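Notes for the structure review
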Amino acid sequence: MVEPAELPGSAGAGAGVRDVEVLVVGGGPAGLAAAAAARRGGAHVVLVEGGDDVGGQYWRHLPAERPAAAEERLHHGWSTFARLRRTLAGDPGCELFTGASVWAVEPGGGRGDLPGAGALVVRVLVAPAGQADAPARRHLALRPAALVVATGAHDLTLPFPGWDLPGVVTGGAAQAFAKSERLAVGERVVVAGAGPFLLPVASSLLATGARVLEVAEAAGPAQLARGWGAHPHRLLTGGGPGPSGARLSGVGVLAGKTRELAGYVAALAAARVPYRTATGVVAARGDGRVEEVVLARLDATWAPVPGTERVVAADALAVSHGFTPRLEVALAAGAAVAGSGAGAGFVAVDDRGATSAPGVWAAGEVTGIGGADAALVEGALAGLAAAEALGHPAGPEVDGLLRRRRVLRAFADRLAAAHAPRPGWLAQVTDDTVVCRCEEVTAGRLRSVAQATASAADAPAGSRSLRLTTRAGLGPCQGRVCGHAVDAVLGCGLPASASTGSAGSTRPPVSHQRRPLAVPVRLGELADLPPATTPTSPATSQPSSHPEPEETP
Amino acid sequence: MSARRVDPARDVARTTTGEPVTLTVDGESVTGVRGQSIAGVVMAAARSAGTGGALRRTAGAGAPRGVFCGIGVCFDCLVTVDGVRDVRACQRRAAEGAVVTTQAEPLPARVEGVEGERRG
């Protein structure tokens, strides 16, 4: 993996546009595995990563200037990360750009030597090391023959009164600061939300010496049993019958996951941290920062049970109710998102990661929340498939990877069923709860506008016009944090289903995820775009074509 | 919030002490460890500085905001660094001597009569 000093434009591809073989977006487990697999297949790889180093959020680690002798104690699968990084390091066939944000994907004219190849130009801004959001970043325009999207996911946090107070952080934030800065977000921390991710969050906090007061899991026993308890033997024997009807051997595949979960549970037990199910955070209070957290028992629909509230004095609250895929690059590349079924709301892929867009593969959390083990397997499959499309046949490892993928996906579906948000959570959203954090739009405002609009017309207004009226989701984060909740409050889609309790059928539409620019770009940087960089065909030089900046407040 | 750095002497990961890095945040000097983000330095200094870890105030309600997502997607931690605004404090490494200003712009006030004059 080399840090390229300069990427020359290739002749005939338009000024400044460089043709590459396999472009991997994202340097987490899926992206690293994809890059390594594409290299095994013999393809040249360019990897772009938004952070200062590879590893993603899962292997978010200490920076080089602050090494630790036993950093592996903070991570699972650290040796896998070390091996991947070592394999790619010094490999001149893999170029790495860090601090590199993909901000647009455009039609690329095509190169004609492969179906779909060169159909897209991926525009990247590269910041100097450690200088995220610096002005005058370097422009890159890459035209990949094969694109692998491995952009991952971020926390989904359902709103409640006080979730905008300093000291309320996502579970991911608590873990990221613990791992990459050795920073405890508080001394006395409540961890709340839903899903197995709460366990590593609590574990990471304990490893900073923070006191974890309790872990509150919203799902109740019945929901947990539906997810985890149905056919429990399959947890050990695999995800169900294989394609030939033979039972898959899943013991080896899931043993690592079981060990990982057991490790977290043991850490909680050793620290005497209570783990309560059917329990949720209904408010955070304090003068300018979190001073107390209000927890309540939740019924089977996740609605708080009146009279069960208890107040816990805490100086930080880490909340995560699941994950939202980071879809910008995939959507801009033309990949379809599944509208129903187990993968609803995530990029739709086949077994080897092919999306609906020619020449575009996707892997890891962007295709469904499966954890790092699944991301590694899916990344490898996508990387091999991408290389294969360029004429580098994949070896016999594909069959084994496909078997592992099936087992891990079945496990992920269980997790989704056991912890998916249920519609009663809306009861925690009082009228004065800020739903859109950027524009400070309250639920009361959203509800009153929705009501007024509905009575003024025969058909209820779509979420788009309601968002334009209230400005919900139109601030700097462009709905990344509030999008699902805004839709749910407006009744335009519920991230929960009363009927099935499965995450699969419950994801709302992804209209708020379609963003003209994948990340914010300074106007000055757009003005500095090199001219004639968007050829519609290799032979035609176009006049300067600057994309219109996204409408921002 | 009483965020704090882990004491290297008691760290299971056996971190090194690291080199100090000093920033100015709204005119006050705060010290962290090289390699930290600006957000991390501000959070860990919150107790001594009495800031509660707030990084900016919202335009409408003037409410304090701190780190939320920690990975660069929520934009709640935007600060001005060396005169350049809208830098995500959780993504920017703390550089020695960086001048950080928290952002707090009220919404523009409605000026009575302006709309009518324009129409007239």
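Rules of the game
- Every chain is numbered on its own, with residues counted from 1 as its sequence reads.
- Just so you know, chain letters begin at A and ligand numbers begin at 1, following the order they were written in.
- Owing to the predicted nature of the model, reporting of local features is limited to residues with pLDDT of at least 70; listing and counting of side-chain atom pairs is limited to 80 or more, with chain, interface and lining totals taken over all residues.
- Computation of side-chain values covers all heavy atoms of the structure but excludes hydrogens and water.
- You can read pLDDT as the predictor saying how much it trusts each residue, on a scale of 0 to 100.
- Contacts between residues were defined by any pair of non-hydrogen atoms, one from each residue, lying within 4.5 Å.
- Two parts placed together each lose some accessible area; with a 1.4 Å probe, that loss summed over both constitutes the buried area.
- By definition here, a salt bridge exists when the distance from a side-chain nitrogen of Lys or Arg to a carboxyl oxygen of Asp or Glu is within 4 Å.
- Working definition: helices are DSSP H or I runs of at least four residues, strands are E runs of at least two. Numbering for both runs from the N terminus.
- Any residue that is not Ala, Val, Leu, Ile, Met, Phe, Trp, Tyr, Cys, Pro, Asp, Glu, Lys or Arg is counted as polar, Gly included; the first ten are nonpolar and the last four charged.
- Categorising residues by exposure relies on relative accessible area from a 1.4 Å probe, with only protein chains included: less than 20% of the type maximum marks a residue as buried, more than 50% marks it as exposed, and the intermediate range marks it as partly exposed.
- Pairing between strands is defined by DSSP: at least two bridges between the two strands are required.

Residue and element names in this part refer to chain A. Mean pLDDT for chain A: 85, with 83% of residues reaching 70 or above. Below a pLDDT of 50 lies the segment residues 5-13, which in the model reaches 16 contacts outside its immediate sequence neighbourhood of four places, other chains included. When the criterion is pLDDT under 50, residues 533-553 qualifies, and its contacts beyond four places in sequence or with other chains add up to 43 contacts.

Moving on: the interface of chain A and chain B. Contact with chain A, which involves 58 residues of that partner, is made by 51 residues of chain B. The contact between chain A and chain B buries some 4600 Å² in all, and 54% of this surface belongs to carbon and sulfur atoms. The tally of links from chain A across to chain B stands at six salt bridges. The element best represented in the side of chain A that touches chain B is helix 3 (residues 171-180) of chain A, accounting for four residues. Here the residues of the side of chain A that touches chain B sort into 28 nonpolar, 12 polar and 18 charged.

Residue and element names in this part refer to chain B. The side-chain alternation of strand 6 (residues 78-81) yields two buried faces, one formed by Leu78 and Thr80 and the other by Val79 and Val81. In terms of strand pairing, strand 6 meets strand 7 (residues 84-88) through three bridges, oriented antiparallel. Looking across to strand 7, one finds that Leu78 is bridged to Arg88. Connecting strand 6 to the next strand, strand 7, in antiparallel fashion are two residues, including Asp82 with a positive phi near 50 degrees. The pairing of strand 6 with strand 8 (residues 99-102) spans three bridges and is antiparallel.

The next thing to look at is the pattern of salt bridges. Summed over all chains, the structure comprises 28 salt bridges over all chains. Where Arg65 of chain B meets Asp76 of chain B, a salt bridge forms, and the shortest distance between an N and an O atom there is 3.0 Å. You can see Arg65 of chain B sitting in strand 5 (residues 64-65) and its partner Asp76 of chain B sitting in the loop between strand 5 and strand 6, a full 11 residues away along the chain. Across this residue pair, the class does not change: Arg65 of chain B and Asp76 of chain B are buried. For Arg85 of chain B, the salt bridge is made with Asp86 of chain B, and the minimal N-O distance between the two is 3.2 Å. On the basis of relative accessible area, Asp86 of chain B is assigned to the partly exposed category, the value being 31%. Taken together, the salt bridges that share partners define one network made up of Asp164 and Arg437 of chain A together with Arg56, Arg65 and Asp76 of chain B.

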